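Working through the structure, step by step
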There are 2 protein chains.
Amino acid sequence: MVKRTAKGSARAPRRTDSLSRELIIQTAIEILDSGGEKALTLRALTVRLSTGYGAIYHHVADKSDLLATAADDVITGVLSGAVTDADPRTALRRLALGLFDAIDAHPWVGAEFSRQPWRPALLDFYESIGRLLDALDVPEKARFDAAGALVNYVLGVAAQNAANARRLAGSDTDRATFLQNAATRWAQIDPGRYPFVHAAATHLGEHDDREQFLLGVDIFLAGIATLR
Amino acid sequence: MVKRTAKGSARAPRRTDSLSRELIIQTAIEILDSGGEKALTLRALTVRLSTGYGAIYHHVADKSDLLATAADDVITGVLSGAVTDADPRTALRRLALGLFDAIDAHPWVGAEFSRQPWRPALLDFYESIGRLLDALDVPEKARFDAAGALVNYVLGVAAQNAANARRLAGSDTDRATFLQNAATRWAQIDPGRYPFVHAAATHLGEHDDREQFLLGVDIFLAGIATLR
DNA sequence: ACCTGAACACCGTTCAAGT
DNA sequence: ACCTGAACACCGTTCAAGT
């Protein structure tokens, strides 16, 4: 016997969509995207969903479950869109760039996967890398280690992006002035003791994170070619 | 007028070394090494040093200052010991391995530097890398990006080591059974859909983190050689 | 089954008060 | 100057109680 909604029409019928795991996770993603990892608190979630703590814990094991699932959700679509019909080198670059862009747009995802690189959501990523290395004639044993190294590189960049985003979210300076500050600080470094670091400060202002990332991937691919 | 210590001899003269920034940081390092990042709380520090909160905040700005300085302290000696008289390739491998071993011994240091890769304590590291790339005839512009990529790789591995250590510290399973569990979980992955990942599970048990790290460095150096 | 919200056991940090 | 420790403003998580 389903009860009729006897009081459903009192007041403006506040949408009746009850709480669900999916809704909680989507809301968490919104909070994370707009305010960063620090902004996602259970309190913030209860307010945004106008519910209580217990309601959330009924659908979600704990906060780390919430964060991990949110990260999975963001990354899943990105990786499924990867096309692998191009030549292996191009496909690998595309794959790495796809992950870079997704993490660049959602830095908290980078922090999460750098903590938990073995999440099932990354399975397709590993599998694609492995197959592409195969296509590049990398021997089986080396393929495993090479894939690991490449993933470490990608997630290393991811973690740094996340750290940068956290720093920017904390202060009220924007990216440009942040880089400016960093550049001037680096420029003050003693050129006698640290000639390379001092010279590097020159390039800091004009450098593009995405391009630098891609150059790293290229170095990697060139190195992998020697394993054949 | 310096007061004479009139009551200094009452009871066993409990060593008179008063609190200092250095003592606080050394104690923090001990706590971090034995219990991981989670174990370092202000409470734990006050107990271990038998003092109050204010005493600590008198010598240290806040907890992140404490963590950063502790990480600096651990890494400083390691990098100053690096010898650079070997051929550049060997020296680079040695440098990377030195950082790997230090972070392997103190995983929380890896987490910290992956969050703050521009700490002054890493200056010598960057400088050495830059000079060695110079010795390898890498053009100046590419040298900057190549150094960044290499650092990203090293710190990416560092972050993963830290994450693994955190996971092991949390559970009561040791490293061997942890790898065992991971291997069996990976082996259950559908070999039809994920042939590479499934095959990789075979190597998981016999693989050595340090060796895999070094192979990554070698791939990198081989790739860098093509930039000449 | 699904939800509420007070309560609990923690955090880092501050600050009036002591010596 | 250096230290004490109660107090504050937060956390994540639990759980008796409601529907």
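Residues numbered from 1 in each chain as written. Chains lettered and ligands numbered in written order. Predicted model: local features only at pLDDT ≥ 70, side-chain atom pairs only at ≥ 80, totals over all residues. Heavy atoms only, no water.

The name an unreviewed UniProt entry assigns to chain A is TetR/AcrR family transcriptional regulator C-terminal domain-containing protein, from the organism Nonomuraea montanisoli.

Digging into the overall build of chain A
Assigned secondary structure in chain A consists of eleven helices and zero strands. Counting across all 228 residues of chain A, residues that qualify as buried make up 46%. Carbon and sulfur atoms make up 54% of the accessible area of chain A, which amounts to about 11900 Å² in all. (Helix = DSSP H or I, 4+ residues; strand = E, 2+ residues; numbered from the N terminus. Buried < 20%, exposed > 50% of the residue type's maximum accessible area, 1.4 Å probe, protein only. Areas by Shrake-Rupley, 256 points an atom, 1.4 Å probe, with all protein chains shown as cover.)

A short note on the protein's contact with DNA strand D
Neighbouring DNA strand D are 17 residues; A:Tyr57, A:Lys63, B:Thr51, B:Gly52 and B:His59 lie closest to it. Considering DNA strand D, the proportion of its atoms within 4 Å of the protein that are sugar or phosphate atoms stands at 59%. Contact between DNA strand D and B:Tyr53: a base nitrogen at 3.4 Å from a main-chain N or O atom of the residue. In this structure, B:His59 approaches DNA strand D through a side-chain N or O atom, which is 2.6 Å from a phosphate oxygen. Take the surface near DNA strand D: its biggest share by element is five residues, from helix α3 (residues 53-59) of chain B. When its residues are assigned to classes, the surface near DNA strand D shows seven nonpolar, eight polar and two charged. (Near = heavy atom within 4 Å. Polar contact = N/O pair within 3.5 Å; in protein donor to acceptor, adjacent residues only side chain to side chain. Nonpolar A, V, L, I, M, F, W, Y, C, P; charged D, E, K, R; others polar.)

A few points about unusual backbone geometry
Even without a glycine there, the phi angle at A:Asp137 is positive, about 65°. Along the chain, A:Asp137 turns up in the loop between α7 (123-135) and α8 (140-170). Phi at B:Ser50 is positive, roughly 40°, even though this residue is not glycine. When its relative accessible area of 66% is taken as the criterion, B:Ser50 is described as exposed.

Notes on the interface of chain B and chain A
With 54 residues of chain B at the contact, the number on the chain A side is 54 residues. Its largest share of buried area at the contact with chain A, chain B owes to B:Phe144, B:Phe196 and B:Ile219, together 16% of the area lost on that side. Counting across the chain B and chain A interface gives zero salt bridges. Summed over the shared surface of chain B and chain A, the result is ten residue pairs in polar contact (both at pLDDT 80 or more). Every element with two or more residues in the side of chain B that touches chain A is listed here: α6 (107-115), α7 (123-135), α8 (140-170), α10 (195-204) and α11 (209-225) of chain B. Examining the composition of the side of chain B that touches chain A, we find that 20 residues originate from one element, α8(B), more than from any other. Here the residues of the side of chain B that touches chain A sort into 29 nonpolar, 13 polar and twelve charged. (Contact = heavy atoms within 4.5 Å. Buried area = accessible area lost by both parts, 1.4 Å probe. Salt bridge = Lys/Arg side-chain N within 4 Å of Asp/Glu carboxyl O.)

Structural notes on the packing of helix α11 (residues 209-225) of chain A against α11(B)
Relative orientation of the contacting elements α11(A) and α11(B) amounts to 100°, with a least axis distance of 7 Å. Of the possible angle classes, the one that applies to α11(A) and α11(B) is roughly perpendicular. Contacts between α11(A) and α11(B) involve A:Ile219, A:Phe220, A:Ala222, A:Gly223 and A:Ile224 from the first element and B:Ile219, B:Phe220, B:Ala222, B:Gly223 and B:Ile224 from the second. When grouped by side-chain class, the residues that make up the contact of α11(A) with α11(B) number eight nonpolar, two polar and no charged. (Axes fitted to C-alpha atoms, helices over the stretch in contact; angles between N-to-C directions. Parallel < 35°, antiparallel > 145°, perpendicular 65-115°, else oblique.)

Regarding α7(B)
Counting along an α-helix, one turn takes 3.6 residues, and residues three or four places apart therefore face a common direction. Residue and element names in this part refer to chain B. Taking 1.5 Å per residue as the helical rise, α7 with its 13 residues ought to reach 18 Å, and the 18 Å between its terminal C-alpha atoms agrees with that figure. Three or more residues of α7 are buried, namely Leu123, Phe125, Tyr126, Glu127, Ser128, Ile129, Gly130, Leu132 and Leu133. Asp137, located one to two residues past α7, shows a positive phi value of around 65°. (Expected span 1.5 Å × (residues − 1).)

A look at the packing of aromatic side chains
Evaluated as defined, the whole model comprises nine aromatic pairs over all chains. When the ring of A:Trp118 is compared with that of A:Tyr126, the centres are 5.3 Å apart and the planes differ by 25°; the resulting orientation is stacked. The exposure class assigned to A:Tyr126 is buried, which follows from its relative accessible area of 7%. Ring geometry for B:Tyr153 versus B:Phe213: centroids 5.6 Å apart, planes at 5°, classification stacked. Here the residue B:Tyr153 occupies a position in helix α8, and B:Phe213 occupies one in helix α11, the gap between them amounting to 60 residues. (Phe/Tyr/Trp six-rings, centres within 6.5 Å; stacked < 30°, edge-to-face > 60°.)

Observations regarding the packing of helix α5 (residues 88-105) of chain A against α11(A)
Residues and elements named next belong to chain A. Running from N to C, α5 and α11 point in directions that differ by 145°, and their axes come no closer than 10 Å. Read as a crossing pair, α5 and α11 show a hand that is right-handed. Facing Arg89, Leu92, Arg93, Ala96, Leu97, Phe100 and Asp101 of α5, the residues of α11 in contact are Asp209, Arg210, Phe213, Leu214, Val217, Asp218, Leu221 and Ala225. Grouping the amino acids of the contact of α5 with α11 by side-chain chemistry returns nine nonpolar, no polar and six charged. (Left-handed = near helix turned anticlockwise from the far one by under 90°.)

Some points on the protein's contact with DNA strand C
Neighbouring residues of DNA strand C: 17 residues in total, closest A:Thr51, A:Gly52, A:His59, B:Tyr57 and B:Lys63. Considering DNA strand C, the proportion of its atoms within 4 Å of the protein that are sugar or phosphate atoms stands at 60%. In the environment of DNA strand C, a phosphate oxygen lies 3.1 Å from a nitrogen or oxygen atom belonging to the backbone of A:Leu19. Between DNA strand C and the protein, one listed contact pairs a phosphate oxygen with a side-chain N or O atom of B:Tyr57 at 2.7 Å. Mapped onto the surface near DNA strand C, the elements with two or more residues apiece are α3 (53-59) of chain A together with α3 of chain B. Considering every element that reaches the surface near DNA strand C, the biggest residue donor is α3(A), with five residues. Here the surface near DNA strand C is built from residues that sort into seven nonpolar, eight polar and two charged.

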